[in-house]
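Here is how the chains run, residue by residue.
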Amino acid sequence: MFEWTLQHIWLIPLMPLLVFALIGLFLHKWPGISAAISIISIATGLALSVVTLIGMLKGGQPLHYEISFPWLKMPGLTVEMGLLVDGLTVVMLFIVTLVAFLVQVYSLGYMEGDPGFASYYAYQSLFAAAMLGLVAANNFGQMFVFWELVGLASYLLIGFWFGKNSAREAAKKAFITNRVGDFGFLLGILFVQIIFGTLNFGELSPQVADYTNTALLVTVTLLLLAGPVGKSAQFPLHVWLPDAMEGPTPVSALIHAATMVAAGVYLIARAFFIFSATPEAMQVIAFIGGFTALFAALIAVTQYDIKRILAYSTLSQLGYMVMAMGLGAMTAGMFHLTTHAFFKALLFLGAGSVIYALHHEQDIRNMGGLSRKMPVTTWTFVIGALALAGIPPLAGFWSKDEILLSAYAGGYTGFYVLGLLVAFLTAFYMFRLIFTAFFGESHARGHHHAEVKESPLVMTIPLIILALMSVVAGFIGAPFTGNPFGHFVHYAGETHHEPEMVVAVTSALIGVLGIIAAYLVYARKMVSTARVKERLSGVYTLVYNKFYIDEIYLWFIKIFVDGTARLMFWIDINIINRLVDLSAEITGALGKALRYTEDGQVQTYAYYMLGGIIILSAAVLLAGLGIMR
Amino acid sequence: MAKIPVLTLTLLFPIIGAILIMVLPRERVKEIKYTAAAATLPSLLLSLFIFITYDRKAGGMQFVERINWTPDLGVSYALGVDGISITMLLLTTLIGFSAVFASFRVNEQAKEFFSLLLLLISGVMGTFITTDLFIFFLFYEVVVIPIYILVIMWGSSKRVTKEYAGMKLTIYLLIGSAFLLLGIISLYVKSYLLTGKPSTDLMYLATLDYDVGFQIFVFALMTIGFGTLLSMFPFYSWSPDGYAGAPTAVSMIHAGVLKKIGGYGLIRIGLYLLPAGAQVIAPVIAILAIGNVLYAAFICISQKDLKYIVGYSSVSHMGYVLIGIAALNLISINGAVMMMFGHGVMAALFFALIGNLYEKSHTRNIDDFGGLAHQMPRLATGFMIAGLASLGLPGMVNFIGEFTIFVGAFSQYKVITVLAVSGVIFTALYILRALGTMLFGPRQEKWDGLTDLKGVEMVPLVVLGTAIILGGILPFGLMDIINQGTLELLAQAKLLTIGGI
């Protein structure tokens, strides 16, 4: 069964692709059937992934299976389409198919009655196909192709409710911001192609190891890094992700929390042989990740929109993963990616359940006391938040601990402290959200409060499953199970750190501390938040407005891009076109001037003839004289 | 055994159609349109047949036909196709077929319109399948006249009048072709002086050794001539005005294929006959090409009229083709040919949709629209396919062209390629801005009367959309045959450097 599955593993990305084509071309008039085939295809993919995962775990050995065919081939350039199945891929296949499956089931409830129901499932399938193609890629070319296609699916789904101007703008912003990152990524790929003559990961790995031109290698790595910075929304290209919350909430859960935004981290892990080849590049990666982690966590503390809080939390956690990569802890970063996928998807779907019950209310100040009305949503949400806050024995604890451990044991004290600070902030903002939205007095506006009720089973069952995963997923990387995750997903030569009690206890304590702080401020109201805001009004405004980075970018685009555009157009009209018209006018004017010589008078023509004869004779004479001399 | 002259047949069907239309009574508008459609379909099928049955193992010029025309001058009616010309032929017939359907709303003087359109299609096809310089030039000139009449009679006046647009287009291209003619005559005379045998046969001319100075001179002439046709910076200004003024079908054919005669000519005549000249002039082309890519992309950002956006964007995209040609290696030229195909189907689709929308709404200003996807979901899908292709999204054929050009050119010109790659950001910016403003956002009630694409209006979308997507997800189908052609052409010109490594 395992063997058969492995040989047919290409079915996993191919089935959703066919479903996308089928819905797009024929089935869009039948929403029920569209949803059904979409869910069936992803469920089959999930089954195949599970078989592969179990087979690999049973086999006990890291797997390596590769198939491919040339997709674009000419002498000197080959881009393959293929599948590379190893521990890393299997983990990603499992995460993507599981979360996608749960989100698609959940969407049956959340998107019920939406006029675009069939298109929604078409886009979901497109996303699944592209994401699965991405994680299975065995070369940079294929990676780039699917990298852009997940971007397309993201664009379509952010802008799904395209009648809203905000959704339209958010979709555009996401695509263009990612394009900036992809510009660097593409240049990086071009460099790889001309330096090494191949894009295949397996062939590149030994070549990179032997490559000696460090300066060039650092350049190439940093260019490649631009891709993950865009896709995983790292500073300074993070601006698109909070706005991407305009999409339907299940989309945010799947694409903008669990899977697509993690693709950048995945790319670093997949091509770790090149990213880790130079310490200079690693340093940059760690700094970008660490900075984003702290920066986004700070913003999350000040936001009121439930989805935006989660979005900034995602930014922050992605920063955590990227930082781990930069510290050389590829396994820890991937482990955190895995656990984060489950609990963050859970949190988003929980938020979706709240938003669904409250008829699209997203401001946590207008919630409160939801625990009494929506027990399943509340308690699964709390489990997700505890996991995110890193409370043992939930999933987030183990993975966060691994990252902190590698910072601590690797001697990166600065990053270790930063990690702890972010962990504190994470616990704090999550429980700020929970105490405000789920407990205490109800602040629902108008008639909403009375009719708030728990969401239907299609929505709560996925929540329960994800809550379960958020509890147990950490065990596969925990010391007491022998850390099978680290056995299957690791990079040759990566240093493994033995678990340290001090680190584990500190990280757990810091999470608890964050929760207590949030409890004191938001549940017991021991500190007036209004007073704090007043005291620190300058800082607060700066953070609340996301450090004005969006505004700075907008200003930059308006002045430089649109300004240059207008200047170029001016040049086009007033210089280049003017010259063209001028040459036509001169020709015309010359014609007009010469026209006066043709006045129709025989006498005038006789004069011309005479003049011509004189000139010609003179010329002949002079020429003759010249020759004779 | 007399072989069926497949290429001549392909060429002849539209001409027969044009003749039939001329004898049809003027009021039978419907029959005229169906005749035009029926005349372009066989050409499309034949070119698909050629594409499929071309022997990829044997390579070289196939489906060869030759009839001596004026032996004293060495001119013969010689046809033949290799991988490059098949691609361009396929592009022509795909667009020609679609252009007829995109013109189904033309009712004024339909008889003249469709017969001229068919002549135009045949003329363009001829340039791609002939292997004789003289015949090439003849077909090229055949094309110019119908275009002029079509623009000034059926065009539309916005920023500039259609008469201005038609005149600018025609005069500009005639000046370009004057340079070309000078180049061709020089070649003819030079080869006659070298061997004493008059010939305009491309393959024969390619075997001769011209001195480097002569090659530079003639290649420079051709760069101006073909460059003008390909809207090379700064000789592009006919293009946006011309497309804006032209009727839908002419914009489609002009931006889609006619322009590509420039790129095709530079490769087939320029590189093939004058490799040493090409090597000297190429860096100049590469630098000018940056003017195309970035300068025109920036202008697009400031445009509001849909036709001007696509017009300037085609100038921008031709920059990629020029860089591909200028890098002079196998990969980059493969990319340039692929890009010409990709840009052709994409631009034609864009113009078909713009024409359709304009006829229904009488405006092309993007700010007049908003939320059109509510009323016209199919049109919106078409615009999205064309737009995403234009910004080089993988899964669309244009990406294959761009990526291949970038890889090929990067080994030759580092800085220029980096600048060119940055074009992908600006293209995304103007395309998504324009399409976002026009298609998405709140429903506007003033456009509730617009009907979505239906019936024959779907033909351009289906035909060109299929080409864009199939070419994008199965690129090897087209790239293998292009590579075959480029490989042989460069090997014969002794220009074969692989590039990329």
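Since this is a predicted model, take the numbers as computed values, not measurements. (Residues numbered from 1 in each chain as written. Chains lettered and ligands numbered in written order. Predicted model: local features only at pLDDT ≥ 70, side-chain atom pairs only at ≥ 80, totals over all residues. Heavy atoms only, no water.)

A separate point is the overall build of chain A. Assigned secondary structure in chain A consists of 28 helices and 2 strands. Principal axes of the C-alpha set define a box for chain A whose edges measure 115 × 60 × 55 Å. Considering only contacts within chain A whose residues lie at least 6 apart along the sequence, 80% involve residues at least 24 apart. Of the roughly 24,900 Å² that chain A leaves accessible, carbon and sulfur atoms contribute 70%. Of the charged side chains in chain A, 32 are positive and 34 negative; the average position of the first set lies 9 Å away from that of the second. (Helix = DSSP H or I, 4+ residues; strand = E, 2+ residues; numbered from the N terminus. Contact = heavy atoms within 4.5 Å. Areas by Shrake-Rupley, 256 points an atom, 1.4 Å probe, with all protein chains shown as cover. Lys, Arg positive; Asp, Glu negative; His and termini not counted. Charge placed at Lys NZ, Arg CZ, Asp CG, Glu CD.)

Bringing the UniProt feature "domain: NADH:quinone oxidoreductase/Mrp antiporter transmembrane" (unreviewed entry) in chain B into the picture now. Within the UniProt annotation, "domain: NADH:quinone oxidoreductase/Mrp antiporter transmembrane" (unreviewed entry) is assigned to residues 131-426 of chain B. Between the C-alpha atoms that bound residues 131-426 of chain B there is a distance of 39 Å. The span itself is 80% helix and 0% strand. (UniProt positions renumbered as here; feature names shortened; annotations may be inferred.)

Tallying the contact residues gives 50 residues for chain A and 63 residues for chain B. Taken together, both faces of the contact between chain A and chain B bury some 4,800 Å²; the carbon and sulfur share is 76%. A salt bridge links A:D562 to B:R433; the nearest nitrogen and oxygen atoms lie 2.9 Å apart. Viewed at the interface, chain B and chain A are joined by 12 residue pairs in polar contact (both at pLDDT 80 or more). Counting only elements with at least two residues in the side of chain A that touches chain B, the list comes to β1 (64-74), β2 (77-86), α6 (140-158), α7 (165-196) and α27 (549-595) of chain A. Looking at the side of chain A that touches chain B residue by residue, the classes come out as 34 nonpolar, 7 polar and 9 charged. (Buried area = accessible area lost by both parts, 1.4 Å probe. Salt bridge = Lys/Arg side-chain N within 4 Å of Asp/Glu carboxyl O. Polar contact = N/O pair within 3.5 Å; in protein donor to acceptor, adjacent residues only side chain to side chain. Nonpolar A, V, L, I, M, F, W, Y, C, P; charged D, E, K, R; others polar.)

Taken as a whole, chain A is organised into domain 1 (545-595) and domain 2 (599-629). Distance from the C-alpha centre of domain 1 of chain A to the C-alpha centre of domain 2 of chain A: 50 Å. (Domains from an automatic or database assignment.)

Residues and elements named next belong to chain A. On the surface, V512, I516, Y519, L520, M526, V527, V532, L536 and V539 cluster together into a nonpolar patch covering about 740 Å² of accessible area. It is helix α24 (residues 501-523) that provides the largest number of residues to the nonpolar patch, a total of 4 residues. Residue class for Y519 comes out partly exposed when judged on its relative accessible area of 35%. (Patch = residues over 30% accessible without salt bridge, like charges linked within 9 Å, V, L, I, M, F, W, Y side chains within 5 Å. Buried < 20%, exposed > 50% of the residue type's maximum accessible area, 1.4 Å probe, protein only.)

Relative to the 22 Å expected for 16 residues at 1.5 Å per residue, helix α19 (residues 458-473) of chain B spans 22 Å between its end C-alpha atoms, a close match to the ideal helical length. Those residues of α19(B) not exposed but buried are B:V459, B:P460, B:L461, B:V463, B:L464, B:G465, B:A467, B:I468, B:G471 and B:G472. Taken together, the buried residues of α19(B) touch β1 of chain A together with α3 (83-102), α10 (248-258), α14 (330-361), α16 (377-390) and α17 (397-410) of chain B. (Expected span 1.5 Å × (residues − 1).)

Let us now look at the pairing of strand β2 (residues 75-81) of chain B. All names here are of chain B. Within β2, 7 of the 7 residues are buried, which leaves it mostly tucked inside the rest of the structure. Looking at chain direction, strand β1 (residues 62-70) and β2 are connected through 6 bridges and run antiparallel. In the sheet register, R66 faces β2, and the bridge partner there is A78. (Pairing = 2+ DSSP bridges.)

All names here are of chain A. The pairing of β1 with β2 spans 10 bridges and is antiparallel. Each residue of the ladder has a partner; that of L72, found in β2, is V79. Connecting the antiparallel pair β1 and β2 is a turn made up of 2 residues, with G76 showing a positive phi of about 95 degrees.

What follows deals with the packing of α3(B) against helix α11 (residues 260-273) of chain B. All names here are of chain B. One can describe the packing of α3 onto α11 by two numbers: an axis separation of 11 Å at closest approach and a directional angle of 170 degrees. The pairing of α3 with α11 is recorded here as roughly antiparallel in orientation. Contacts between α3 and α11 involve I84, S85, M88 and L91 from the former and K260, Y264, I267 and R268 from the latter. (Axes fitted to C-alpha atoms, helices over the stretch in contact; angles between N-to-C directions. Parallel < 35°, antiparallel > 145°, perpendicular 65-115°, else oblique.)

A few words now on the environment of A:A226. Mapped onto the elements of the fold, A:A226 is located in helix α9 (residues 214-231). Put simply, A:A226 and A:R179 are 47 residues apart on the chain and 9.9 Å apart in space, counted from C-alpha to C-alpha.

This paragraph deals with the packing of aromatic side chains. Taken as a whole and assessed by the stated rule, the structure comprises 64 aromatic pairs over all chains. Ring centres 5.1 Å apart and planes at 55 degrees place the aromatic pair A:F117 and A:Y121 in the tilted group. Remark: A:Y121 and A:F117 occur in helix α5 (residues 117-135); sequence separation between them is 4 residues, near one turn of the helix. Each ring, one from B:F97 and one from B:F101, has its centre 4.9 Å from the other, and the planes form 70 degrees; the classification is edge-to-face. On the criterion of helical spacing, the pair formed by B:F97 and B:F101 is a turn pair, its members being 4 residues apart in helix α3. In this structure, B:R56 is placed above the aromatic ring of B:F51, and the distance from its NZ or CZ to the ring centre is 5.2 Å. (Phe/Tyr/Trp six-rings, centres within 6.5 Å; stacked < 30°, edge-to-face > 60°. Lys NZ or Arg CZ within 6 Å of the ring centre and 35° of its normal.)

Below, the discussion takes up the pattern of salt bridges. Residue and element names in this part refer to chain A. Tallying each qualifying case throughout the model produces 24 salt bridges over all chains. K173 is paired through a salt bridge with D550; the nearest N and O atoms lie 2.4 Å apart. Of the two residues, K173 sits in helix α7 while D550 sits in helix α27, which places them 377 residues apart along the sequence. With relative accessibility at 22%, the residue K173 sits in the partly exposed group. D243 is the partner of R308 in a salt bridge, and the nearest nitrogen-oxygen pair spans 3.5 Å. Highlighted residues: R308 in helix α15 (residues 306-326) and D243 in helix α10 (residues 240-243), separated in sequence by 65 residues. There is no split in this pair, since R308 and D243 are both buried. Put simply, K173, D243, R308 and D550 are held in one network by salt bridges that share partners.

All right, on to the packing of α5(A) against helix α11 (residues 249-258) of chain A then. Angle between the axes and distance between the axes: these two values describe a pair of packed helices. All names here are of chain A. Closest axis-to-axis distance for the α5/α11 pair is 12 Å, and the angle between their directions is 5 degrees. As summarised for this structure, α5 and α11 are arranged roughly parallel, according to the angle between their axes. Along the contact surface, α5 presents Y120, Q124 and F127, while α11 presents P250, V251, L254 and I255. The residue inventory of the contact of α5 with α11, partitioned by class, reads 6 nonpolar, 1 polar and no charged.

The next thing to look at is the nonpolar core. The tendency in soluble globular proteins is for nonpolar side chains to be buried as a group. Of all hydrophobic cores here, the largest spans 438 residues; its most connected members are A:F140, A:I274, A:M334 and B:F383. Sorting elements by how many residues they give to this core places α14(B) first, with 20 residues. Ignoring sequence-local partners within four residues, the contact set of A:I274 consists of A:F140, A:V192, A:V208, A:L217, A:V220, A:T221 and A:L224. (Core = buried A, V, L, I, M, F, W, Y, C linked by side-chain atoms within 4.5 Å.)

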